[in-house]
Amino acid sequence: MIEVKHLTKRYGSNAAVDDLSFTVEKGQIYGFLGPNGAGKTTTMNILTGYIAPTAGEVVIDGHNIVEEPEEARKCIGYLPEIPPVYPEMSVLEYLRFAADLKKLPKKEQDAMIAEVMQTTGLTQVQNRLIRNLSKGYRQRTGLAQAILGYPDIIILDEPMVGLDPKQIIEIRELIISLGKKHTVILSSHILSEISAICDHIMIIAHGKLVASDTPENLMNLMRGSGSLELTIRGNAASVKRLLAPLPGIHSISVKSSAEAGPETVDVVIKTDADNDLREKIFYLCAQNNAPILRMQHTQVSLEDVFLELTEDHPQPAREKKKTIWIRRQTEKGKEWIGRSA
């Protein structure tokens, strides 16, 4: 569906996207993750034809985005981080305007717009001005224009930013329903939502792809992806000596506990995800008169994976930007305007 080959985008000496390659298969929801400045939005803007790459190739359903931009764009519906809506229009007026821009057949526009409004839950507010809508409904309006014309691919850049929890749930359910008929690429900083929605996750750091797999496989990448947290009666040395011989343990951390009463320690044990030591530890401590006051089994989250894969890619030093001053005609007359080089 989408092939990205050795994609690079430079701004002066800074590479926003650096030799990026990946493939997007049909009929899945892809999560596109990365810290601020990683190159996510730049990559999405290149995929949608908004900006041109410095080097590399993007092929959308067999159409090169540079050589056949119109044919490639017909396959894509795009919702930028800030929805491109016009506040002075009603929802219905805006969607008719978007349908004309997409050159949809006139005789089919009314039926398409009605179906898109029903899908996105906008039918009841179709005659209201966009400026009077809540942020959640404005986001839905932007999403409606993205899916208008039934493109095969829908690209959503931070569709949940600024929404309240109820609105996030509504948009999440909407994206999941869209994934049944479209290929969806979703960028978000809300990692729990990405994990709940996406079939496949790509993580980018400083313009480079550092991971691409299912959420489950990514969470299994980290050695010691399971951990046990315990509070045990006893001193640190004897507890560590007691637990250390257990098989499959990668590390044991023991420190004094804030628990009141006799000497108590907090213990964190790192193990493989499929190595459940709870029962063995229970009987071992019971036999050695070391009561367990608390035991909690935890798994690595997508946030842990994200931090693990991105923290080893330090931000390259950037050269200082120069300011170019340009004299332009404005409504107030000629003024000097500063622009970064």
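Calculation criteria
Residue numbering note: each chain is counted from 1, following its sequence as written. Local features in a predicted model are, by the rule used here, given only for residues with pLDDT of at least 70; side-chain atom pairs are given and counted only at 80 or more, and totals for whole chains, interfaces and linings are based on all residues. Hydrogens are left out, water is left out, and the side-chain values use all remaining heavy atoms of the structure. Numbering goes from the N terminus for both helices and strands, where a helix is a DSSP run of H or I of at least four residues and a strand is a run of E of at least two. Between buried and exposed lies partly exposed: a residue is buried under 20% and exposed over 50% of the maximum accessible area for its type, with that area taken using a 1.4 Å probe on protein chains only. To be clear on the numbers: accessible area is Shrake-Rupley with a 1.4 Å probe, and residue cover counts the displayed protein chains and nothing else. It only takes one pair of heavy atoms within 4.5 Å for two residues to be counted as in contact. The definitions used throughout rest on a 1 Å grid laid over the protein atoms alone, on which a cavity is an enclosed set of points accommodating a 1.4 Å probe that cannot get out and a pocket is an open set flanked by protein within 12 Å on both sides along at least five of seven lines; lining residues are those having an atom within 4 Å of a point. Grid points are joined across faces, edges and corners, and a volume is the space filled by probe spheres set on the points. We treat two strands as partners when DSSP finds at least two bridges between them. Working convention: axes come from line fits to C-alpha atoms, limited for helices to the stretch in contact. Angles between N-to-C directions cover 0 to 180 degrees. For salt bridges, the criterion is a side-chain nitrogen of Lys or Arg within 4 Å of an Asp or Glu carboxyl oxygen. Each patch is built from residues that are more than 30% exposed by relative accessible area and take part in no salt bridge. Like charges join if they lie within 9 Å; nonpolar side chains (Val, Leu, Ile, Met, Phe, Trp, Tyr) join within 5 Å. Note that the arc is computed from the directions linking the helix axis to the C-beta atoms.

Q: Help me get a handle on the overall build of the protein, residues and values and all.
A: Looking only at helices and strands, the protein has 11 helices and 16 strands in total. Considering the protein as a whole, with its 341 residues, one finds that 43% of them fall into the buried category. For the protein, the exposed area adds up to about 18400 Å²; of that, 49% sits on carbon and sulfur atoms.

Q: Outline the side chain of threonine 42, supporting the account with residue identities and numerical values.
A: One can find threonine 42 in helix H1 (residues 40-47). Those residues within four positions of threonine 42 in sequence are excluded, and the remaining contacts are Lys9, Tyr11, Ala16, Val17 and Ile51.

Q: Give me the lowdown on the layout of surface pockets, citing residues and values where you can.
A: Roughly 790 Å³ of internal volume is contained in the largest pocket. Lining the largest pocket are 23 residues, and of these Arg73, Ile76, Leu101, Lys102 and Gln145 sit closest to its centre. Counting only elements with at least two residues in the lining of the largest pocket, the list comes to helix H2 (69-73), strand E6 (76-79), helix H3 (91-101) and helix H5 (135-147).

Q: Which residues make up the sheet that holds strand E2 (residues 14-24), and what values go with them?
A: Pairing within the open sheet is antiparallel, and its 4 strands lie in the order E2-E1-E4-E5. In this open sheet, the two strands that pair with only one neighbour each are E2 and strand E5 (63-64). Pairing of strand E1 (residues 2-11) with E2 involves 7 bridges; the strand directions are antiparallel. Along E2, the bridge assignment pairs valine 4 with phenylalanine 22. Lying on the sheet, H1 is in contact with E1, E2 and strand E4 (55-60); it crosses E1 at an angle near 120 degrees.

Q: Any details on the pattern of salt bridges? Residues and values, ideally.
A: All told, the structure shown has 9 salt bridges when counted by the stated rule. In this structure, glutamate 71 and lysine 74 form a salt bridge, with 3.5 Å as the shortest nitrogen-oxygen distance. The class for glutamate 71 is partly exposed, based on a relative accessible area of 36%. Judged by its relative accessible area of 57%, lysine 74 falls in the exposed class. Of the charged contacts in the structure, one is a salt bridge between arginine 172 and glutamate 193, with a shortest N-O distance of 2.7 Å. Here glutamate 193 lies in helix H7 (residues 191-197) and arginine 172 lies in helix H6 (residues 165-178), a separation of 21 residues in the sequence.

Q: Mind laying out a nonpolar patch on the surface, listing which residues take part and the relevant values?
A: Taken together, the side chains of Phe282, Tyr283 and Met295 define a hydrophobic patch exposed on the protein surface, amounting to about 300 Å² of accessible area. Considering the arrangement of structural elements, one finds methionine 295 in strand E14 (residues 292-299).

Q: Describe helix H11 (residues 302-310), naming the residues involved and giving the relevant values.
A: The set of residues buried in H11 consists of Leu302, Val305, Phe306, Leu309 and Thr310. For H11, the angular spread of buried residues about the axis comes to 110 degrees, placing them on one side.

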